[in-house]
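Here's the letter readout for the chains.
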Amino acid sequence: VILVGLKIGPAYLEYYAARKAIIEVARNDSDVPAQQMRRDFDLKAAIDNMAIAGQDLDISREGGQTVISFAYRKDIPLVANIGVYINFQASTR
């Protein structure tokens, strides 16, 4: 059980860091172009060493607010040929 926790823990930490980053990027929105938002996210992703990049973000406008979302799959090998995959998704909506 401890081994599984040690293996999947970093994936969840990365997900929460990415979710926090999109919330911060969306909060700083004052009609900022999508390319600038992607660059801002890339700077935050580089600091936290995230696997997801700005080009993976879906950026749209809904009701006058910017909505940023992402979805990705993380494959985590456990032991020998046994592994687990986790689908992560988040949105500022």
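Here the structure is a predicted model, which means the values were calculated and not measured.

Trainee: Residue-level account of the packing of helix H1 (residues 2–27) against helix H2 (residues 34–48), with values.
Mentor: It is the contact of H1 with H2, at a shortest axis distance of 10 Å, that shows an interaxial angle of 145 degrees. Where H1 crosses over H2, the two elements pack in a sense that is right-handed. Along its contact with H1, which presents Ala 17, Ala 18, Ala 21, Ile 22, Glu 24 and Val 25, the element H2 presents Met 37, Asp 40, Phe 41, Lys 44 and Asp 48.

Trainee: Tell me about the nonpolar core, and name the residues and values.
Mentor: Within the largest apolar cluster, 21 residues are counted, with the highest numbers of intra-cluster contacts made by Ile 22, Phe 41, Met 50, Ile 52, Ile 68 and Phe 70. Of all elements in the fold, only H1, H2, strand S2 (65–79) and strand S3 (82–91) reach the threshold of two or more residues within this core. For this core, the element with the most residues is H1, which contributes seven residues.

Trainee: Would you mind going over the packing of aromatic side chains in detail, with residue names and values included?
Mentor: Scanning the model with the defined rule gives six aromatic pairs in all. With a centroid separation of 5.0 Å and an interplanar angle of 20 degrees, the aromatic rings of Tyr 15 and Phe 88 are classed as stacked. Placement of Tyr 15 in helix H1 and of Phe 88 in strand S3 is noted, with a sequence separation of 73 residues between them. The two residues Tyr 15 and Phe 88 agree in class, both being buried. An aromatic cluster is present here, built from Tyr 12, Tyr 15, Tyr 16, Phe 70, Tyr 72 and Phe 88 joined pairwise through their rings. The aromatic ring of Tyr 85 is capped on one face by Arg 73, whose charged end is 3.6 Å from the ring centroid.

Trainee: I'd like a description of the pairing of S3, backed by residues and values.
Mentor: Taken together, the ten bridges between S2 and S3 define a ladder with antiparallel strand orientation. Directly across from Asp 75, in S3, lies its bridge partner Tyr 85. In this antiparallel pair of consecutive strands, S2 and S3, the connection spans two residues, and Ala 80 shows a positive phi of 50 degrees.

Cut-off values and rules
Residues numbered from 1 in each chain as written. Predicted model: local features only at pLDDT ≥ 70, side-chain atom pairs only at ≥ 80, totals over all residues. Heavy atoms only, no water. Axes fitted to C-alpha atoms, helices over the stretch in contact; angles between N-to-C directions. Helix = DSSP H or I, 4+ residues; strand = E, 2+ residues; numbered from the N terminus. Left-handed = near helix turned anticlockwise from the far one by under 90°. Contact = heavy atoms within 4.5 Å. Core = buried A, V, L, I, M, F, W, Y, C linked by side-chain atoms within 4.5 Å. Buried < 20%, exposed > 50% of the residue type's maximum accessible area, 1.4 Å probe, protein only. Phe/Tyr/Trp six-rings, centres within 6.5 Å; stacked < 30°, edge-to-face > 60°. Lys NZ or Arg CZ within 6 Å of the ring centre and 35° of its normal. Pairing = 2+ DSSP bridges.

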